Amino acid sequence: MFDSDVHDAFAHLNSAQHDAVAFGDGPLLILAGAGTGKTTTLAARVARLVADGVDPQRILLLTFTRRAAGEMLSRARRMVAATGAPASTGKVMGGTFHAIANRLLRRYADRIGLATDFGLLDAADAADLIDLVRDDLEVAKGTSRFPRKATLASIYGRVVNSRVPLKATLESQYPWCAEHTEAIGRVFTGYGQRKRARNLLDYDDLLLFWKVLAEAEGIGDELGGSFDHVLVDEYQDTNALQAEIVAALRRTNDNVTVVGDDAQAVYGFRAASVRNILDFPQTFPGTRIVRLEQSYRSTQPILDTANALVAEMAQTKDNPEFRKSLFSDRLDGPQPRLHTCHDEDDQSARVCDAVLDRREQGTPLVQQAVLFRTSHHADLLELELSRRNIPYVKYGGLKFLEAAHVKDLVALLRLLDNPDDELAWFRILQRLEGIGPGRARVLMEAIGVGEGGVAVAQLGDRVVEAAVHLPAAAERAVVGLAVALGDTAAIDEVAGQVQRLREWYGPVCAQTFEDPIPRMADLQQLEVLAEQSTSRTRFLDDLVLDPPASTGDLAGPPLLDEDYLILSTIHSAKGLEWDTVHLLHAADGMIPSDMSTGDPDEVEEERRLLYVALTRPRHELDVYVPLRYYHQRFGSGDRHSFGQVSRFLQGPVRDTMARVGPRDAERDVPVLAGTAADRVDALLDELW
DNA sequence: GTCGACGAGGTTTTT
DNA sequence: CCTCGTCGAC
Ligand SMILES: Nc1ncnc2c1ncn2[C@@H]1O[C@H](COP(=O)(O)OP(=O)(O)OP(=O)(O)O)[C@@H](O)[C@H]1O
């Protein structure tokens with residue numbers, strides 16, 4: 001069936017994987033546990049399709065997270081190349097649902113009556129716009145406090161994604177906001193109108209409009225017809241909307257492959273539903289189901305722990321006959337270790353020691369990862385890593401674009417790109433001396449923001465005219481802005497534009513913030529980022545859809561040559577693997593997060609999250625539990641609470657692990673004295 | 001209307 | 001820690 005190159009490329013696949021790769025047309029579901037080669041099989045299937053003559057551009061690869069999308073695409077493209085596809089072969093089309101939605105809408109939106117030059121809103125923009133509406137409606141004036149803008153934005157996203165009406169969503173997920181149901185509803189209506197009037201799309205709109213596009217008469221069929229095959233990785237993390245998009249894309253043919261693991265569903269909080277993958281055979285009658293059980297990633301001792309955890313999942317207990325046990329050929333290897341640490345500092349110290357030790361033994365830092373539930377769980381470790389000069393790159397929880405000064409510069413670029421962008425104007429004008437919300441509104445009115453009539457060329461004049469009635473200092477500031485915008489508009493390269501705007505922003509920054517120097521350095525990094533973009537619109541789109549995700553994205557190429565440790569949230573580690581994994585804070589209240597212990601479904605999701613973490617390593621797994629958490633680190637005394645080993649790591653799961661206690665009971669005091677002495681020494685060292 | 005000072009409060013995970 | 005709202009001075 002395959003020619004020889006192709007055969008070689010697929011030679012290592014096992015027979016179930018092979019079946020999935022060779023499977024012809026029609027719906028295919030690969031339902032399998034962690035590390036069984038789901039993504040590998042998906043990539044091989046793409047390569048097989050291309051080898052059989054399918055045009056790569058007529059294959060669409062989708063997944064939810066950016067990191068999984070990157071992994072999926074690069075593996076698929078490598079596989080296609082390995083099967084001996086000529087270099088002229090086009091690239092497979094693929095990415096996150098949101099990125100593809102953007103790409104398709106930029107091309108076809110006019111077919112459903114939407115202008116193709118829509119602006120994109122990221123989460124913070126959406127929150128800001130909601131805030132504007134909230135102010136206008138004077139809804140927050142009441143007696144009891146109204147939800148904050150970020151909370152409103154997350155409620156909005158949840159309602160739209162799950163399609164559970166506002167009232168029910170508030171009652172179940174945000175009970176403390178339920179008393180404002182009516183007012184929140186009005187804010188959301190206003191937010192929707194505002195977006196439509198200004199031609200703005202938020203993340204959810206991208207999916208909603210894609211769905212409408214895909215379901216539309218005419219263009220919908222055309223669009224679906226332009227893809228011979230649609231393949232979706234991590235399908236358990238899709239929500240109702242995404243499943244509807246997939247279904248709509250497959251009205252004309254049912255060549256659709258979805259891949260996933262219901263035990264790894266960890267995006268329930270944004271309304272992803274495992275029903276999508278479990279009900280897939282009903283949605284697509286005639287579905288061929290392939291199950292994979294052999295793990296090629298982890299050793300058997302690690303799988304024993306993972307299997308014990310799966311056995312305790314509610315979904316397994318409800319359907320014991322579906323219980324999947326993973327197995328490996330690699331029977332040997334260290335037993336996973338459960339380390340109880342004296343406190344968080346002890347945890348950090350042990351992780352650093354272990355990481356360096358493994359490196360001595362030949363495992364480079366990039367093959368080691370430290371995973372954690374939430375970004376700030378790594379704070380103390382980051383301090384210790386810096387102190388010991390261990391380079392690292394952290395994924396998840398990066399706040400680069402949320403920083404006020406970065407948002408300011410982005411706003412400047414945006415209003416050049418779209419002079420009708422009221423959010424950008426409102427933000428920037430208020431940075432000028434003597435201008436607050438009131439005058440900003442008046443100025444915007446005078447400039448004609450939002451009326452669709454401002455051309456970038458006449459922008460400068462309009463702005464200057466609008467400023468004549470202001471106090472002298474404010475007028476001067478506005479004129480300065482107009483000049484900078486005029487200069488910038490004449491520059492071709494985005495990076496050059498950032499540079500010019502940065503020049504103007506310097507004094508504003510110095511006036512606005514106590515610490516302008518590091519902030520201006522961030523803007524230098526933004527300029528480096530801009531160098532990779534071909535156009536301003538592309539750059540602005542990327543900042544919303546593919547923003548820097550790691551400290552490494554910002555550090556630039558020099559760092560990439562070096563060896564560095566990986567730090568990542570568990571969510572961002574989905575689908576990836578390392579030789580050694582260290583899991584921090586496996587304490588109750590951390591995993592499960594004490595914000596998620598409210599209802600049983602949330603607790604189950606936390607258990608699945610732990611499963612994702614435990615199934616990342618190839619050889620070695622170390623899990624850490626600090627026994628003490630200090631509340632006020634610099635306060636008086638040693639006020640602390642005791643950490644408990646996570647409820648998920650009790651009983652049978654725990655029995656599969658080797659237990660490593662606090663270093664020695666009797667060293668408790670010396671250890672404390674030691675760290676104190678280290679700190680004093682470190683302080684003094686800086687003086688010599 | 002603007003701006004600085006002050007104090008209270010909230011605080012995941014991703015697109 | 002950062003953000004949000006309030007209050008008084010200009
Ligand atoms: N048949 C095979 N022979 C040898 N190695 C394999 C085989 N199939 C997959 N692998 C290897 O197993 C590892 C895990 O594969 P992959 O990442 O595709 O698993 P996955 O099921 O997608 O995992 P996850 O559930 O974590 O997303 C990879 O290193 C891959 O190269």
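Residues numbered from 1 in each chain as written. Chains lettered and ligands numbered in written order. Predicted model: local features only at pLDDT ≥ 70, side-chain atom pairs only at ≥ 80, totals over all residues. Heavy atoms only, no water.

Looking now at unusual backbone geometry. In this structure, the amide linkage connecting Ile591 to the following residue, Pro592, adopts the cis form with an omega of 0°. At Asn389, a residue that is not glycine, the phi angle is positive and equals roughly 60°. Locating Asn389 in the fold gives a position in the loop between α18 (379–387) and β11 (392–395). Although it is not a glycine, His585 sits at a positive phi angle of roughly 55°. Considering the arrangement of structural elements, one finds His585 in the loop between β13 (578–583) and α30 (600–614). (Helix = DSSP H or I, 4+ residues; strand = E, 2+ residues; numbered from the N terminus.)

The subject of this paragraph is the environment of Glu602. Tracing the sequence through the fold places Glu602 in helix α30. Given the relative accessible area of 27%, Glu602 is considered partly exposed. Expressed as a C-alpha distance, the spacing of Glu602 and Val266, which sit 336 residues apart in the sequence, is 9.5 Å. Excluding its chain neighbours within four sequence positions, the residues that come into contact with Glu602 are Gln173 and Ser596. (Buried < 20%, exposed > 50% of the residue type's maximum accessible area, 1.4 Å probe, protein only. Contact = heavy atoms within 4.5 Å.)

The next thing to look at is the protein's contact with DNA strand C. In the region of DNA strand C, the neighbouring residues are Arg134, Arg148 and Lys149. Contacts to DNA strand C include Arg134, whose side-chain N or O atom sits 2.7 Å from a phosphate oxygen. (Near = heavy atom within 4 Å. Polar contact = N/O pair within 3.5 Å; in protein donor to acceptor, adjacent residues only side chain to side chain.)

Another point: the UniProt feature "binding site: ATP" (unreviewed entry) in chain A. Residues annotated in UniProt with the feature "binding site: ATP" (unreviewed entry) correspond here to Ala32, Gly33, Ala34, Gly35, Thr36, Gly37, Lys38 and Thr39. Setting aside chain neighbours within four positions, we find Thr36 in contact with Gln17, Leu292, Glu293, Gln294, Ser295, Tyr296 and Leu326. Among the structural elements, Lys38 can be located in helix α3 (residues 38–51). In contact with Lys38, other than residues within four places in its own chain, are Ile30, Ala32, Gly33, Val259, Gly260, Asp261, Gln264 and Leu292. Polar contacts involving the side chain of Lys38 include one to the main-chain carbonyl oxygen of Gly33, which spans 2.8 Å. (UniProt positions renumbered as here; feature names shortened; annotations may be inferred.)

Moving on, we get to the pattern of salt bridges. Taken as a whole and judged by the stated rule, the model has 51 salt bridges. Measuring nitrogen to oxygen at the nearest pair gives 3.7 Å for the salt bridge that ties Glu234 to Lys574. Taken together, the residues span a long stretch of sequence, with Glu234 in the loop between β6 (229–232) and α12 (240–249) and Lys574 in the loop between α29 (570–573) and β13 at a distance of 340 residues. Exposure class is identical for Glu234 and Lys574. Each is buried. Linked by salt bridges that have partners in common, Asp136, Arg194, Arg198, Glu422 and Arg441 make up one network. (Salt bridge = Lys/Arg side-chain N within 4 Å of Asp/Glu carboxyl O.)

If you check the shell around DNA strand B, you find 28 residues, and the closest are Arg66, Arg145, Arg373, Gly434 and Gly436. When atoms of DNA strand B within 4 Å of the protein are split into backbone and base, the sugar-phosphate part holds 66%. Contact between DNA strand B and Arg66: a phosphate oxygen at 2.6 Å from a main-chain N or O atom of the residue. Ser375 is positioned with one of its backbone polar atoms (N or O) 3.2 Å from a phosphate oxygen of DNA strand B. Listing elements by their share of the surface near DNA strand B, those giving two or more residues are α21 (437–447) and α29. Tallied by class, the residues present in the surface near DNA strand B amount to seven nonpolar, 14 polar and seven charged. (Nonpolar A, V, L, I, M, F, W, Y, C, P; charged D, E, K, R; others polar.)

All right, on to the site of the ligand then. Surrounding the ligand, one finds 20 residues, the nearest of these being Gln17, Lys38, Thr40, Glu577 and Arg616. A distance of 2.5 Å separates an oxygen atom of the ligand from a polar side-chain atom of Lys38. In isolation the ligand exposes 640 Å². Once the protein is present, 85% of that is buried. Take the shell around the ligand: its biggest share by element is three residues, from α3. Broken down by class, the residue content of the shell around the ligand amounts to three nonpolar, eleven polar and six charged. In this structure, the shell around the ligand is formed jointly by two domains, domain 1 (15–104 + 206–294) and domain 3 (337–397 + 560–660), each of which donates at least three residues. (Areas by Shrake-Rupley, 256 points an atom, 1.4 Å probe, with all protein chains shown as cover. Domains from an automatic or database assignment.)

Next up on the list: the domain arrangement of chain A. Domain annotation of chain A identifies domain 1 (15–104 + 206–294), domain 2 (119–198), domain 3 (337–397 + 560–660) and domain 4 (401–548). Between the C-alpha centres of domain 1 and domain 3 there is a distance of 32 Å. Taken together, the contacts link 17 residues of domain 1 with 17 residues of domain 3. Regarding the contact of domain 1 and domain 3, the summed buried area is about 1,400 Å², with carbon and sulfur atoms giving 51% of it. Of all residues in domain 1, Arg67, Gln264 and Val266 bury the most surface against domain 3, accounting for 45% of the area lost on that side. Taken together, the connections running from domain 1 to domain 3 amount to two salt bridges. Our enumeration of links across domain 1 and domain 3 arrives at nine residue pairs in polar contact (both at pLDDT 80 or more). When the residues that make up the side of domain 1 that touches domain 3 are grouped by side-chain class, the tally is six nonpolar, four polar and seven charged. (Buried area = accessible area lost by both parts, 1.4 Å probe.)

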